[in-house]
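In case you want the letters, here they are:
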Amino acid sequence: MNRHSGLTKEQSYNIQIARGIAIFAVVSIHHVPGTGVFIARPFLNFAVGLFLFLSGMLSDPEKLHTGKRILKVLIPYVIWSFVYIVREQFRTPETILPAFGKALLTGTGSGIMYYVFIYVEFTLLIPVIDRLAKSGHRNLGFFIAPLEIVLMRLLPMILGFRLPAVLRQIRHVSCLGWFTYFYLGYLLGSGHLKLRISTEKLFSFWLLSLFLQVLETNLYYLMGNTNSGTQIKLTCLLSGSLFALLMYRMIFSGKAYEILPLKLLGDCSFGIFFAHGAVMMALDHIPGYAKYVVFPADAAVAAFATALLVLAGGRLLGRAGRFLAFPSYPLSLRFRGENGTAPDGDGTVKPE
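Described below are features of the structure shown in this document.

Analysis parameters
Residues numbered from 1 in each chain as written. Predicted model: local features only at pLDDT ≥ 70, side-chain atom pairs only at ≥ 80, totals over all residues. Heavy atoms only, no water. Core = buried A, V, L, I, M, F, W, Y, C linked by side-chain atoms within 4.5 Å. Buried < 20%, exposed > 50% of the residue type's maximum accessible area, 1.4 Å probe, protein only. Contact = heavy atoms within 4.5 Å. Phe/Tyr/Trp six-rings, centres within 6.5 Å; stacked < 30°, edge-to-face > 60°. Helix = DSSP H or I, 4+ residues; strand = E, 2+ residues; numbered from the N terminus.

1. Thoughts on the nonpolar core
Working step 1: Grouped together as the largest cluster of nonpolar side chains are 86 residues, with contacts concentrated most on Leu50, Phe53, Phe122 and Trp178.
Working step 2: In contact with Leu50, other than residues within four places in its own chain, are Ala18, Ala22, Phe243, Ala244 and Met247.
Working step 3: Ranked by size, the runner-up nonpolar core spans five residues in total, among them Ile85, Ile96, Phe100 and Ala103.

Set out below in structure tokens:
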């Protein structure tokens, strides 16, 4: 695939399916029970990495509008951060504005907001990434994320020391630990890398990597890490990259995978990302909900309830809905087979 030649309709459709898979994994991660860290999380930890892989795959420096791309995420980021801070601080109104200001600067308005920082950083780095991809040292890009994980996460845990608060905050919003995903997508999308391994081998290696991820998760747990299920681990980087390659093979298989629920989630994924936390809070206030609706059913309810909210919000607000990441355009779930749609240069492919 070379992004400059555009995408076929089948490929554009499959990208939305991949996004649907990624956003369902994001929502599911927030519903995994404690014991599921060792069982379910390894199957879900590709979530953020897959979004970054797709963004890198579709990023074209010749068509990139940096300011437009950043504003597209920053405006919803500000609004939704305010929503979550008000929800958290509503009993003490005098603390809302200070907490809101801190949340904007640190990406802590909710547990997902760090992604916006990472996305913006990659957007700004695209010219540098493009030069690295075209150089004779392009393979050096694959060492960035593992080095960050070892130096900033693994070694401090093994040696038993805590990084200074400033470094922990930088680590929280840094794109370096995620670099492999975006860079791998960029290399494939620009034609600087060809995927020659068979799908069967990819799938076998992915299954093996999940076993290794379970072992590493147990290691983190035994060493007292309270976030042993984190997506930023060496084995997660491996299995997440392999899963992204499986999705790449699916996208460019030559046929459209007409899985309508996933297409719906993919088309609404931008809005679901920001809004699903609020929907989860609302669902938890339903009497008996948390007791009787358990994983993975609770993840499915939250994902599709948020998709309906996003669709309704987009229909109600029209073009103003984009400030909340709600689509104002009509969505068509079924594949229709018209001519292809090229990415618009900001890493997105608009639905039909």
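2. Notes on the packing of aromatic side chains
Remark: the centre distance and the inter-plane angle together describe each pair of aromatic rings, the angle taken between the planes.
Working step 1: Applying the stated criterion across every chain yields a total of 22 aromatic pairs.
Working step 2: Between Tyr114 and Trp178 the ring centres are 6.2 Å apart and the planes differ by 20°, which places this aromatic pair in the stacked class. Taken as a pair, Tyr114 in helix H7 (residues 114-134) and Trp178 in the loop between helix H9 (165-173) and helix H10 (179-190) lie far apart in primary sequence, 64 residues in all. Assigned by exposure class, Tyr114 and Trp178 land together as buried.
Working step 3: When the centroid spacing of 5.8 Å and the interplanar angle of 45° are considered together, the rings of Phe203 and Trp206 count as tilted. With Phe203 and Trp206 both in helix H11 (residues 199-222) and three residues apart, the pair spans about one turn of that helix.
Working step 4: A residue is classified by how much of its surface remains accessible, and Trp206, at 10% relative accessible area, is buried.

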